[in-house]
Each structure stands twice: as structure tokens, then as C-alpha cells.
Amino acid sequence: MRTILLALTFSALSLVASADESSVSSPDKRYLVTLRPPKPDTAFPVIMLRDTRTGRDVELFDYDSVGQGTSVLRAFWSPDSRHVALTLAMGPATQDVAVYRITEGVAHEVTLLPIPKSIDAQRYGHRGGPSVERWGDNRTLWVSDGQKSRSFRYSFTKQDKLLADDFKK
């Protein structure tokens, strides 16, 4: 009986832990990206970056800027903890991607260049959009696009911008 209660307790705790991830720590544990509740004057949440060494908070994205909210944080850190990629859920069926370079607790948005025509695909609808799939390594990011039914591999250029240079269906 005691074993069964212990197993049920651990099962319940694991379900609660995975139900809604509201913060994601960088691999080196220095930074924490958090989905914060709305500010007092708005109905939309904010994505914040916290430097765990200094305790300093920096706003990464305010959903008030797009007039939509979300309750799920989808953040993916590069293995070296220098970049964080976010899937920004903008409404019930639309999303976008934002990538930030983190330097000493300061966030700089990285430009995602337009997809070259040679690897682009026709859009199949208005719902969906790009979402972060995974980091391939420190310089390569895979982004899935539900509107185009393919995933694109983005690599950093010499100018520290992200350019799609390959795809998979």
C-alpha cells in the first residue's frame, strides 16, 4: 500500500511539473527565461530574462505589443547558453519565432533573414507559422513552419544574422 501511494504521489508531481512550463533555464544555469503574469495595466503576459548571478531582469517580449496572450512558454537555449530562441504564440493558432543573443545579461534580438526562394515553399494557410524545433549546435537552429509543411535550418552569417540554408519535409 505504501509503495502504491508513493508511486501515485510521484506520478502526480511529474504531471504537475510538465503541465505548464513557465520558466526555462540556460544550460549553464546562468540565465532563466520566464513567462510572467500580465502587468497591472494590461491583460497580456511578458517574457523576461533573469541573470541568476546579478538578479537583474530584462524584458524580452511583451505580448501587449501584439495584442494577444499565451499561457505557455516555449524557449530553447543554444548549447553554449549564448542564444535563446522563442516560439511566440500569438493567438490560438498563430505563432512566430524570435531569437536573442545574450551577452552579460543583455539581450539583443537576432535578425532572421527572409527564406531564399530556392528553398522556400508555398503557404498552405493563414494559421500556424514558424515555431522553434531545436538547436542543431551553437550556430544552427531548426525552425518548423506549419504554413509551409517543412522545417528550415537556419545558420548564423558572418554578420550574426540567421539565414535559412536547408530544409526538410
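Residues numbered from 1 in each chain as written. Predicted model: local features only at pLDDT ≥ 70, side-chain atom pairs only at ≥ 80, totals over all residues. Heavy atoms only, no water.

Chemist: Report on the overall build of the protein chain, specifying residues and quantitative values.
Modeler: Helix and strand counts for the protein chain stand at one helix and 12 strands. Split into buried and exposed, the 169 residues of the protein chain put 38% on the buried side. For the protein chain, contacts bridging at least 24 residues in sequence account for 42% of all contacts bridging at least 6. Of the roughly 9900 Å² of accessible surface on the protein chain, 53% is carried by carbon and sulfur atoms. (Helix = DSSP H or I, 4+ residues; strand = E, 2+ residues; numbered from the N terminus. Buried < 20%, exposed > 50% of the residue type's maximum accessible area, 1.4 Å probe, protein only. Contact = heavy atoms within 4.5 Å. Areas by Shrake-Rupley, 256 points an atom, 1.4 Å probe, with all protein chains shown as cover.)

Chemist: Provide a residue-level description of the sheet that holds strand β11 (residues 150–156), including the pertinent values.
Modeler: Strand order in the open sheet made by the four strands is β9-β10-β11-β12, with antiparallel pairing throughout. Every interior strand has two partners, whereas the edge strands, β9 (130–137) and β12 (162–168), have only one. Taking each pair of neighbouring strands and ignoring which way they run, the sheet shows an average axis angle of 30 degrees. (Pairing = 2+ DSSP bridges. Axes fitted to C-alpha atoms, helices over the stretch in contact; angles between N-to-C directions.)

Chemist: Break down the sheet that holds strand β4 (residues 57–62) for me, citing the residues and quoting the values.
Modeler: Ordered in space as β1-β2-β3-β4, the four strands form an open sheet in which the pairing is antiparallel. Whereas interior strands pair on both sides, the edge strands pair on one side only; in this sheet they are β1 (23–25) and β4. Geometrically, the sheet is characterised by an average inter-axis angle of 20 degrees between neighbouring strands, direction not taken into account. Relative to strand β2 (residues 31–36), β1 runs antiparallel, the two being bridged by three bridges. Across the sheet, the residue bridging to S23 is T34, located in β2.

Chemist: Which residues make up the side chain of S78, and what values go with them?
Modeler: Secondary-structure assignment places S78 in the loop between β5 (74–77) and β6 (83–89). Judged by relative accessible area, S78 falls into the buried class, the value being 0%. Within the local environment of S78, its side chain forms a polar contact with the backbone nitrogen of R82, the two atoms lying 3.3 Å apart. (Polar contact = N/O pair within 3.5 Å; in protein donor to acceptor, adjacent residues only side chain to side chain.)

Chemist: How would you explain the side chain of D51 if you had to name every residue and give the values?
Modeler: Mapped onto the elements, D51 comes out in strand β3 (residues 46–51). Residue classification places D51 among the buried positions, given a relative accessible area of 3%. Sequence-distant contacts of D51, that is, excluding residues within four places in its chain, are made with R30, Y31, R56, E104 and G105.

Chemist: Just give me the short version of the environment of T111, but keep the residues and values in it.
Modeler: If you trace the backbone, T111 turns up in the loop between β8 (106–110) and β9. Residues T111 and Y100 lie 11 residues apart in sequence; the distance between their C-alpha atoms is 8.9 Å. Aside from chain neighbours lying at most four places away, what touches T111 is K161 and L162.

Chemist: Summarise the packing of aromatic side chains; cite the residues concerned and give the values.
Modeler: Within the structure shown, the criterion is met by three aromatic pairs. Between Y31 and W77, the ring centres sit 6.1 Å apart and the planes meet at 15 degrees, which makes this aromatic pair stacked. Placement of the pair is Y31 in strand β2 and W77 in strand β5, with a sequence separation of 46 residues. For Y31, a relative accessible area of 4% puts it in the buried group. For W77, a relative accessible area of 9% puts it in the buried group. Measuring from ring centre to ring centre gives 5.0 Å for F61 and Y63, while their planes differ by 80 degrees; the resulting arrangement is edge-to-face. Judged by relative accessible area, F61 falls into the buried class, the value being 12%. (Phe/Tyr/Trp six-rings, centres within 6.5 Å; stacked < 30°, edge-to-face > 60°.)

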